[in-house]
Amino acid sequence: MPHLAVNDVCAKYGSLEVLHGIGFEVDRGEVVSLVGPSGSGKSTVLRALVGLTPVTSGHVEVDGKKIDYGSSQAVKAARDRMAIVFQQYNLFQNMNVMRNVTLAPIKIKGRPKAQVEAKAIELLDLVGLSEKRDAYPDQLSGGQQQRVAIARALALEPEILLLDEVTSALDPELVNEVLDTIRRLAREGMTMILVSHEMSFVREVSSKVIFMDDGKVVESGPPAEIFDTPKSERARDFFGKILRH
Amino acid sequence: MERIWEQLPRFFTAGNMGLLADAALHTLSMTFVGCLAGFVFAFVLVFLRQTPGMWAAPLRMVCILYVEVFRRIPFLVVIYLVLFFIQAVTTDASLFTIAVVAICIYAIAYTAEIVRGGIESVPLTQVEAARAMNFSRLQTLVMVVLPQAMPVIIPPAIAFAVSFIKDTALVSQIGVFELTFRGKELNNKGFSGILVFGTIAMSYFIISFPLSMLGQYLEKRLATPRGERRLRKIWIP
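What you see is a predicted model; the values in this text were computed from it and never measured. (Residues numbered from 1 in each chain as written. Chains lettered and ligands numbered in written order. Predicted model: local features only at pLDDT ≥ 70, side-chain atom pairs only at ≥ 80, totals over all residues. Heavy atoms only, no water.)

1. Points about the layout of surface pockets
Which entries qualify depends on this criterion: Cavities and pockets are defined on a 1 Å grid built over the protein atoms alone: a cavity is a set of grid points where a 1.4 Å probe fits but cannot escape, while a pocket is an open set with protein on both sides within 12 Å along at least five of seven lines, and lining residues are those with an atom within 4 Å of any such point. Grid points are joined across faces, edges and corners, and a volume is the space filled by probe spheres set on the points. Counting from the N terminus, the helices are DSSP H or I runs at least four residues long and the strands are E runs at least two residues long. For this classification, the nonpolar set comprises Ala, Val, Leu, Ile, Met, Phe, Trp, Tyr, Cys and Pro, the charged set comprises Asp, Glu, Lys and Arg, and every other residue, Gly included, is treated as polar.
Quantified by volume, the largest pocket comes out at close to 1200 Å³. Along the wall of the largest pocket there are 36 residues; nearest its centre are Arg79 of chain A together with Pro52, Val127, Arg131 and Arg137 of chain B. Elements that contribute at least two residues to the lining of the largest pocket include exactly strand E1 (4–13), strand E4 (55–62) and helix H2 (72–81) of chain A together with helix H5 (95–120), helix H6 (124–132) and helix H7 (137–167) of chain B. In terms of residue count, H2 of chain A provides more of the lining of the largest pocket than any other element does, five residues in total. If you trace the second largest pocket, you find 15 residues lining it, with Cys35, Leu36, Ile158, Ala161 and Leu211 of chain B closest to the centre. Of all the secondary structure elements, the ones that give two or more residues to the lining of the second largest pocket are helix H2 (14–49), H7 and helix H9 (193–223) of chain B. Across the lining of the second largest pocket, the residue classes break down as 13 nonpolar, two polar and no charged.

2. Quick look at the packing of helix H4 (residues 113–126) of chain A against helix H5 (residues 142–155) of chain A
All names here are of chain A. This is how it is decided: To get an axis, a line is fitted to the C-alpha atoms, and for a helix only the part in contact is used. The angle between two axes follows their N-to-C directions and goes from 0 to 180 degrees. Angle categories: roughly parallel below 35 degrees, roughly antiparallel above 145, roughly perpendicular from 65 to 115, and oblique for all the rest. Here a crossing is taken to be left-handed if its near helix is turned anticlockwise relative to the far helix by less than a right angle, and right-handed if that turn runs clockwise. Residue contacts are defined here by distance: any two heavy atoms, one from each residue, within 4.5 Å place the two residues in contact.
At their nearest, the axes of H4 and H5 sit 9 Å apart, and the two run at 140° to each other. Between H4 and H5, the angle is such that the two are oblique. Handedness of the H4/H5 crossing: right-handed. The segment H4 lies against H5, with Lys119, Leu123, Leu124 and Leu126 engaging Ala151, Leu154 and Ala155.

3. Considering the sheet that holds E1 of chain A
Residue and element names in this part refer to chain A. Keep this limit in mind: Each pair of strands is called paired provided DSSP finds at least two bridges between the two strands.
An order of E2-E1-E4-E5 is seen for the four strands of this open sheet, with the pairing classed as antiparallel. Edge positions in the open sheet fall to strand E2 (16–26) and strand E5 (65–67), since each of these has one partner strand only. Across the sheet, the mean angle separating the axes of adjacent strands is 20° when strand polarity is ignored. Inspection of the sheet shows E4 paired to E5 by three bridges, in the antiparallel sense. Paired with glutamate 61 across the bridge in E5 is lysine 66. Of the strands in this sheet, E1, E2 and E4 touch helix H1 (residues 42–49), which is tilted by about 105° from E1.

4. A few points about the environment of glycine 215 of chain A
Residues and elements named next belong to chain A. We apply this condition: Any residue under 20% of the maximum accessible area for its type is buried, any over 50% is exposed, and the rest in between are partly exposed; the area is computed with a 1.4 Å probe on protein chains only.
Mapped onto the elements of the fold, glycine 215 is located in the loop between strand E9 (208–213) and strand E10 (216–221). With a relative accessible area of 0%, glycine 215 lands in the buried category. Considered as a pair, glycine 215 and serine 38 are 177 residues apart in the sequence and their alpha carbons are 11 Å apart. Ignoring any residue separated from it by four or fewer positions in sequence, one finds glycine 215 in contact with Val18, Leu19, His20, Gly21, Ile22 and Ser40.

5. Things to note about the confidence of the model for chain B
In low-pLDDT regions, the fine details of the predicted coordinates are not to be read closely. All names here are of chain B. Heads up, the condition is: Think of pLDDT as the predictor's per-residue confidence, scored from 0 to 100.
Looking at chain B, pLDDT values average 87 and 94% of them are 70 or higher. At the level of individual helices and strands, chain B shows its lowest average pLDDT in helix H1 (residues 2–11), which scores 82, and its highest in H6, which scores 95. Segment residues 227–233 is flagged for pLDDT under 50; beyond a separation of four residues in sequence, or across chains, it makes eight contacts in the model. Interface confidence for the predicted complex, expressed as ipTM, amounts to 0.90; the pTM equals 0.84.

6. Some remarks on unusual backbone geometry
Residues and elements named next belong to chain A. Its identity as a non-glycine residue notwithstanding, tyrosine 89 has a phi of 60°, on the positive side. Positionally, tyrosine 89 belongs in the loop between strand E6 (82–85) and helix H3 (97–108). Given the relative accessible area of 12%, tyrosine 89 is considered buried. One non-glycine residue with positive phi stands out, namely asparagine 90, at about 55°. The topology assignment puts asparagine 90 in the loop between E6 and H3. Residue asparagine 90 is classed as buried on the basis of its relative accessible area of 5%.

7. So, the sheet that holds strand E8 (residues 191–195) of chain A
Residue and element names in this part refer to chain A. Spatial strand order, E6-E7-E8-E3-E9-E10: six strands in an open sheet with mixed pairing. Of all the strands in the sheet, just E6 and E10 have a single pairing partner and so form its edges. Sheet twist, expressed as the average angle between the axes of neighbouring strands with direction ignored, equals 20°. Judged from the four bridges that link them, strand E3 (residues 31–35) and E9 form a sheet pairing that is parallel. Across the sheet, leucine 34 pairs through a bridge with isoleucine 210, a residue of E9. The strands touched by H5 are E6 and strand E7 (160–164); relative to E6, the strand with the most contacts, the crossing angle is about 175°.

Right, here's the structure in full:
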């Protein structure tokens, strides 16, 4: 049974439909990447999974259990199991790093403060920012904010981690640190879905690549297959343009 | 002019000044209660107005209607409406109570727009991040949105309170013993209008000036979070 199954999901922003029947499966501990041109709906898939963009039809199953995005209880359950890291980090501007990381586990999940804080320090260490625990987001660089955002998501101890273009704001030196972090998480059995434009990163870290265009899955498979011998004209065209240089 | 000089000692008596101080206290307490209630209920109103879902549509309509209606009626008309409504129901209500009710109704409508503006100044992405972590709407508002909206809300809210001190003069029309009413009274007693209303004008200034100073101070404090010093003027030679 796949850890996450997305079946024929349509999603709308207001009256504009951006996902026209998306379907894919993610196995437990697998890292799956969504790639494709801008505006193809990659980020929307992640947003729909955590109930930020309304799902209008189709359904999602986690561990074979159907999530009905129409009910707020089910959306809550989905958010309890999945954590998202945004492209623009979205750290809470009114809180320091430590509070950004610990707030939800303490206030929402009701975990003991001391335990959460110890874990937060561990996570900030993991992303290389333990000395910044008292800094406010506007005192950090984009790359630093993104790493705090990853720590914040991990502090929720999600089963499935959704990463939306997490490396796009990082300086080249730090991409490797994040890569290591993601590899380690995969080894620990964390299921991950990532959206990325960095193809070398995607090729290295993912076991399955899903190529999307215009709100639909065009093709999917192991990274080598998708990147080197794409079957569809659209994917050949896309990778031809971006992988040439 | 000689008349004013001649009246001075008779006007600035302990009795008259006590009367004015009492009136100033009325003006101040009406403003204070009105603005405080306005501030608190404005948040409730804005929260209700942003309730999502089809079932809440009538609730949202009522909130929008309240704000739009009371911002479009002259304050004096609101005062008379409240006066006659309350007197239709009970004859026990004091004029002061009626004035306070009218002031609250009016202040809520105006403050609600200030609060809404402040809340809408916080980027939606902050709300999304909180909602994705399972914060409820109220938790998101209290822990994430309001702390960021307050610096935007406080300065215009205080500016409103300052200008509202002056608007309370209108309740003299229904006979509440506040500053302007006392002024008319003293004027009727034969004191020079220039003398009386000059003193009344000074009293309004004395009440509102410290409040606007507080507003300016808070505006500066809130604009520089965590005591950080920021550049106010940028010189580019």
